[in-house]
Every structure is written in C-alpha cells, then in structure tokens.
Amino acid sequence: MTQHDRLLVIDFGSQVTQLIARRLRELNVYCEIHPFNKVDDAFLAAFQPKAVIFSGGPASVYTTGAPMPPKGVFDLGVPILGICYGQQVMMHCLGGHVEGGHGTAEFGRAFVTPTPDKLPLLDGWFAAGDEQVWMSHGDHVSKIAPGFQVYGTSPNAPFAITADPARHFYAVQFHPEVHHTPKGAKLYENFVRLAGFTGDWTMGAYREEAIAKIRAQVGSEKVVCGLSGGVDSSVAAVLIHEAIGDQLTCVFVDHGLLRLGEAEQVVSMFRDTYNIPLIHADESALFLGALEGVSDPEVKRKTIGRLFIQVFEKHAKSIGGAKFLAQGTLYPDVIESVSFSGGPSVTIKSHHNVGGLPEKMGMKLVEPLRELFKDEVRALGRELGLPASFIGRHPFPGPGLAIRCPGEITTEKLDILRRADAVYIDQIRKHGLYDEIWQAFAAILPMKTVGVMGDGRTYDYALALRAVTSVDGMTADYYPFTHGFLGETATRIINEVKGVNRVFYDCTSKPPGTIELE
C-alpha cells in the first residue's frame, strides 16, 4: 500500500471509529486505524502519515491511565483532527482543560452556531445558519489550549469547534463521521484537501487487493462459505469465487429461524444466478432443539454461533476436508462484539459470526468484508456485477428470527412472526417505501394483552414493528411512517395473523437503541 498517501486514525475506543475510515474511503483516501496503545513514536516514524485523526472514546482524559496519543504526534508537522474524546485529549495534551459533569452532557442531535471567524475546515458549512450535528459526550472542554480559537458553539459545548490554523490542528466535540451529522462528509472532504490528499484509493482497488489477499491466504486449499442469502455473504462468496474458483463450496444453513419462504427463495436465486457449488443444509431440528427454553439473548446468539460452526465443520469434511471457512462478517458486527484492532471499545452484544473458530475445528477464517460497512459492501457488489435488485435487499441477521423473538422461542411464536413480518414487508412494498428504508421487520414481544374481536375477549401476543433509515448500520433513525400507513398495517396484521391483537411501532433511534431488539 506504499503507493497511497496514508492517513492514520488513532483509535481511542469509540463505537463509531470505523465510520471515520468509511468517510475517508468515500473520498478515495487510504487510511488505517490503529489503537492508541499500539502507536508510539517509532510507529509514527515507520508509518509516515500525511495526516492524523484522533477518534472518540469512552474514557475521561483527567482519570489515571486515560488513553493518550504519543507526544511525538504533535511534532510531525501534519494536520491533526480531534473528534469528541479526540478533541478533549488534544486540549489536555496541549495545555487546555477538560471537566466532567455539571449538566453539560449532550447525546443525539444538537445544533452548532458559528463564530464570526472563518476556518477553511468549515467551507460549505453554516450557509443557512446553524448546522445539525450528532453529539455523544459527558465530559466537555472548559478551557482551550494556547493557540486555539473557537469557531463554533452549541448549547452544552461552548468549544464545539476549535482550531489552531497555524499548526493545522482542528478539534470538534461532535461526531462528523455519523450519518446524522448531515455535513460531516464535507468537513472530512475539507480536512483531506487541506492535508493534500489526491484521492487515489477506490473500491476497484479494494477488490483487487482483497482478491490478492484471499489467494495468498488460501493457496490451493478448499473453502466452505456460510451463505445466508443476504447481501454480505453473497458478495463475499462471489468475491472469493473470483479469487479461487471451484475451490469454493457454499453452504446454506436453514436453521428454522428464516422468514416465510426464504429458504426456497435463496436456494433457487443463488443456483440460478451463480455457477458456484451449493449445499442446502436443513438443520432446523438441531437449532430449534438447542434453543428450546432459552430466553437470554446472549445465550441465544452464542448457541447459534456454536451450532453454525458444527454444521460447517460437518460439511467441510463432506467435500474432502476444507481448510478454510468464509463468512460475510462486516465491521458493525465486529465492533459491537469485540474491540476492533485491540482498541478499548466497549462490547455491545455478541454476534454469531464473530470471535474466531474453536482450535479443535482445524479451520481458519476467510473474512474479506470484515472492515467494510453495508454501503461499501453494496458498492463492492456493484463492482462485482451483482444485480441491483439483489444488492438493495434489506439486511437480515444471521441468528434470524431468534433475535426478533425476545424471551423463549417457540414454534407457535415463530409461525406468528413469519406471517406478520410477511404482511408488514408486503405493505411497505405496496406503498413504494422499500428502497427508502434501510431495514424493516416485525418482532413478537414476550407478552400477551387483552383485546376484543367481535363479541369475544382475546388474550394474544403483541407485535412491535421496526423500520429504520441508515447508511452504515452504526447509527440509525426510525422511519417516519404516516399514521395512515401504521393504522392500515396494524389492521391487516391483526386481521390476517391469528394470535396477534395489538401492534406497536418502535420509534427509537440508534443510539440509544440497537436496530435489532436482541
């Protein structure tokens, strides 16, 4: 990668650090994320970054042992951008002051007001007044470092945007990397322009580099790929097949937790579209038997992950001893499950396809999408020639309906959920809303409610409907359906799906919620 100018992102543990990389990739800038505790002066000398970004993080700079950058980073003579904790650590290191508490926390949307002074980093901002940003901080800068000026304020962040233009040091309290800072991409564009990047890194380059890495890793060995029928695993399969051809066999595992008619749809679609060997493994009895009586969401996920491994191991042996297991793992899965690249981020929830393989399995993982986001995977799918209608499918989680069924899983609840979800998605398609929504689904709640139908009393399940808008899956907002749509959909579900007498709509954003219920 020495042919690319390189930008270094120092990770202080934010849940959205990788979104910084995604924003930079959109600008065709090559960057690498490295945790703060792996970056020292020797690393900086070897890496030779053209610019540096400090990520956010969960720590407080004034506590003992708080994450810090190497002192030499400020002497590199390159532009530096500090984000949230990154702003605070920059102020702390350069002579400013950071405090906690005092009612100055901000979480979610906020609005930044500009000061009269102009800053090239903010070209294209504030043309129509205050700008919306996404805040997520408890601590705040109470005194800026010498040489810095204030260029933007918010109600709870008087130093929302600060900079020392002479040294090309910039710092913001908000998160420009998330989708809900609408002009965040413009801020990054300005930053890399100021740093002199030429934008020579593309998805075509990623494709070539990923194929080369797959060939180098796999050699002449066989690979089994866990195929769910979703965009991620299918793009991974097509990419790996382009790299190693018939050394790849796909395994579609029907775990009994799929949507209505999904197994038949996936198998026929994949066999008709791609000339890749495919094994259809009906393992519903195995999975549902192991999940009987289980209500804890982490136990559900880990049970499903363990059983997936067993099934793949069985079929790896059946094709003559595959040495590698391929998965469509994406970065949102990784960052919510484990700390990326050894950084200090907090675990949100386990994912069935994250965390490595048991040593006894004797297989190694091939995960060519592990550092990509959903929008990047779709771009890679277009690069690989996948049909547009397929690339645009809503995400469906590997654990399937198990995590849309809080509490104990039963065949009755799964049957109700399948039929209700089918009605909901049909409604969305009929109203022409499918492509406006990132992900939509029904979830059956672990409760029954009293209702009345005709002259009789009912005591049936309640459903929650979820629909969100997003770009990358790391942040999301609920889709603003009309009351007319919601009323019509609730009526159809209650009339057409026996066992449901009440329907709710989930209008929680991410954060503070997650997209899936479990």
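Chains are numbered independently. Their residues run from 1 in the order of the written sequence. This being a predicted model, a pLDDT of at least 70 is required before a residue's local features are given, and a value of 80 or more before pairs of side-chain atoms are given or counted; all residues contribute to the totals for chains, interfaces and linings. Each side-chain value is derived from all of the structure's non-hydrogen atoms; neither hydrogens nor water enter the calculation.

**Concerning the packing of aromatic side chains**
Part 1: Ring geometry is summarised as follows: Phe, Tyr and Trp rings, the Trp one being its six-membered ring, pair when their centres sit within 6.5 Å, and such pairs are stacked at plane angles under 30 degrees, edge-to-face over 60 and tilted between the two. The tally for this structure, following the rule as stated, stands at 18 aromatic pairs.
Part 2: For the pair tyrosine 170 and phenylalanine 191, a centre-to-centre distance of 6.2 Å together with 90° between the ring planes defines the contact as edge-to-face. Pair noted here: tyrosine 170 is in strand 11 (residues 169–172) and phenylalanine 191 is in helix 4 (residues 184–195), with a separation of 21 residues, a long-range link. The pair tyrosine 170 / phenylalanine 191 is uniform in exposure class, with both members buried.
Part 3: An angle of 65° between the planes, with centres 5.3 Å apart, marks the rings of phenylalanine 287 and phenylalanine 308 as edge-to-face. Pair noted here: phenylalanine 287 is in helix 8 (residues 284–291) and phenylalanine 308 is in helix 9 (residues 297–318), with a separation of 21 residues, a long-range link.
Part 4: An aromatic cluster is present here, built from Phe12, Phe36, Phe54, Phe74, Tyr85 and Phe169 joined pairwise through their rings. Per the convention used, a helix needs a DSSP run of H or I reaching at least four residues, while a strand needs a run of E reaching at least two, with both numbered from the N terminus. Accessible area is worked out with a 1.4 Å probe on protein chains only. A residue is then buried under 20% of its type maximum, exposed over 50%, and partly exposed in between.

**With respect to helix 13 (residues 411–430)**
Part 1: Take the residue count of a helix, subtract one, and multiply by 1.5 Å to get its expected span. Along its 20 residues, helix 13 runs 29 Å from first to last C-alpha, staying within 8% of the 28 Å computed at 1.5 Å per residue.
Part 2: For helix 13, the complete set of buried residues consists of Lys413, Leu414, Ile416, Leu417, Arg418, Ala420, Asp421, Val423, Tyr424, Ile425, Gln427 and Ile428.
Part 3: It only takes one pair of heavy atoms within 4.5 Å for two residues to be counted as in contact. In this structure, the buried residues of helix 13 make contact with helix 8, strand 17 (439–453), strand 18 (456–469), helix 14 (483–496) and strand 20 (500–505).
Part 4: Within two residues after helix 13, glycine 432 carries a phi angle of roughly 70°, on the positive side.

**Concerning the sheet that holds strand 12 (residues 223–227)**
Remark on secondary structure: sheet strands pair via backbone hydrogen bonds, oriented parallel or antiparallel.
Part 1: One open sheet holds the five strands; their spatial order is 14-13-12-15-16, and the pairing between them is parallel. Looking at the sheet topology across the chains shown, the edges are occupied by strand 14 (278–282) and strand 16 (364–366). With strand direction ignored, the average angle separating the axes of adjacent strands in the sheet is 30°.
Part 2: Strands qualify as paired when DSSP identifies two bridges or more between them. Bridge analysis of strand 12 against strand 15 (residues 324–326) gives three bridges, and the strand direction is parallel. Angles shown run from 0 to 180 degrees and are taken between the N-to-C directions of axes, each axis being a line fitted to C-alpha atoms and, for helices, limited to the stretch in contact.

**What to know about the nonpolar core**
Part 1: Cys250, Leu369, Leu380, Ile428 and Phe481 are the most contacted members of the largest nonpolar core, which has 92 residues in total.
Part 2: If you tally residues by element for this core, the top one is helix 6 (residues 231–244), at nine residues.
Part 3: If sequence neighbours within four positions are ignored, cysteine 250 has contacts with Cys225, Leu227, Ala237, Phe270, Ile276, Pro277, Leu278 and Ile279.
Part 4: In these notes, a set of buried Ala, Val, Leu, Ile, Met, Phe, Trp, Tyr and Cys residues joined through side-chain atoms within 4.5 Å is what counts as a nonpolar core. The next biggest cluster of nonpolar side chains, apart from the first, holds 36 residues, and it includes Leu122, Phe126, Ala163 and Val172.

**Notes on the UniProt feature "active site" (unreviewed entry) in the protein chain**
Part 1: UniProt positions are given in the numbering used here, feature names are shortened, and annotations may be inferred rather than shown by experiment. This chain's UniProt record puts "active site" (unreviewed entry) on Cys84, His175 and Glu177. These residues run over 94 residues, yet every pair of their C-alpha atoms falls within 11.1 Å of each other.
Part 2: Contact partners of histidine 175, with chain neighbours within four places excluded, come to Ser14, Val16, Gly56, Ile83, Cys84, Trp134, Ser136 and Thr181.
Part 3: The residue glutamate 177 is located in the loop between strand 11 and helix 4 in this model.
Part 4: Judged by its relative accessible area of 0%, glutamate 177 is buried.
Part 5: Apart from the residues within four sequence positions on either side, glutamate 177 is in contact with Val16, Leu19, Ile20, Arg22, Arg23, Ile83 and Tyr188.

**Let's talk about unusual backbone geometry**
Part 1: A cis amide bond links lysine 510 with the next residue in sequence, proline 511, at an omega value of -10°.
Part 2: Relative to the helices and strands, proline 511 resides in the segment after strand 20.
Part 3: Of note, the amide linkage connecting proline 511 to proline 512 takes the cis form, showing an omega dihedral of 15°.
Part 4: Even without a glycine there, the phi angle at asparagine 28 is positive, about 60°.
Part 5: Positionally, asparagine 28 belongs in the loop between helix 1 (17–26) and strand 2 (30–35).

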